[in-house]
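Descriptive analysis of the structure
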Amino acid sequence: MSLLSPTKTESHPETCPASDPASGAARRTPAATPASPTPRLLSALREDLHVVLARDPSVRSAKEAVLHPALTALWAHRVAHRMHGRGLRIPARLLARWARRVTAVEIHPGAVLGRRVFIDHGAGVVIGETAVVGDDVTMYHQVTLGAVGWWSDNKRPEGDRRHPVVGSGVVLGANSTVLGPVTLGDRAVIGAQALVNKDVPGGARVLAPTAVIREPGRRPELMEDVFTVIASAGSW
């Protein structure tokens, strides 16, 4: 079994066929394709480094990319996740805690991260235990992939997913929050400051309300420039 795939397939029904193949019924196309087969650890670390070079215009060399704070968090998670999958839960937790202290990125060792995930800036990112993040996902600072709260999650059957599944190619804008066992379809865009607690179809855009300009002596009017039409408030 791949160490980057969920340890319990029943916890991620969106990635499984809708019917028993023996019944002859057609398989359902999954709403998201969370993660490709796991490469060797060194290959995954090398891909993470190249992604920083490709997607961060402020980084101009591999040596500079190594100092990217989110890269440290990703690399630590790659190791911690493998430890977690082999039953070394306490050492995995300690490594994740160290990474959080150094980078301000908190990724539970049980979370599944696909290939070429890019976290820009990194500060304040939180990814929960049963979250699944697909390949080529981009997320900005203060993104949360969380649960809805212990008062609901403690009532779920053991093994049920509590956190989101994020499809491949998804973009999560700054300070966006995705809560609960929802699914974000492939290539969806979650705008800055958006709050999502329902499934999002592939290719869709979820945008938070934009700011209102109040000029002296005039009633406020919604901004109508092209940038606010295609993206939500805040920075990418």
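Just so it is clear, the model here is predicted, and its values are computed rather than measured.

All told, the structure shown has 8 salt bridges when counted by the stated rule. Linking Arg78 and Asp48 is a salt bridge whose minimum nitrogen-to-oxygen distance equals 2.9 Å. Taken together, the residues span a long stretch of sequence, with Arg78 in helix H3 (residues 69–85) and Asp48 in helix H1 (residues 41–55) at a distance of 30 residues. The burial state of Arg78 is the same as that of Asp48; both residues are buried. Taken together, the salt bridges that share partners define one network made up of Glu47, Arg55, Arg115, Arg116 and Asp136.

For the rest of this paragraph, the subject is helix H4 (residues 89–103). With 15 residues, H4 should cover 21 Å at 1.5 Å per step; its first-to-last C-alpha distance of 21 Å lies within 8% of that length. Residues Ala92, Ala96, Ala99 and Thr103 constitute the buried set of H4. Seen end-on, H4 carries its buried residues on one side only, within an arc spanning 60°. Along H4, the residues that are exposed and aim more than 90 degrees away from the buried face are Ile90, Leu94, Arg97 and Arg101. Where H4 is buried, its residues meet H3 and strand S1 (106–107). Residue Ala104 follows H4 closely and has a positive phi angle near 65°.

In this section: the environment of Asp153. Mapping Asp153 onto the fold places it in helix H5 (residues 150–153). Note on Asp153: relative accessible area 11%, which makes it buried. In the structure, Asp153 is positioned 27 residues away from Gly180 in sequence and 9.0 Å away in space, judged by C-alpha atoms. Sequence-distant contacts of Asp153, defined by excluding residues within four places in its chain, comprise Ala147, Val148 and Arg162.

The rules we used
- Residues numbered from 1 in each chain as written.
- Predicted model: local features only at pLDDT ≥ 70, side-chain atom pairs only at ≥ 80, totals over all residues.
- Heavy atoms only, no water.
- Salt bridge = Lys/Arg side-chain N within 4 Å of Asp/Glu carboxyl O.
- Helix = DSSP H or I, 4+ residues; strand = E, 2+ residues; numbered from the N terminus.
- Buried < 20%, exposed > 50% of the residue type's maximum accessible area, 1.4 Å probe, protein only.
- Expected span 1.5 Å × (residues − 1).
- Arc of directions from axis to C-beta.
- Contact = heavy atoms within 4.5 Å.

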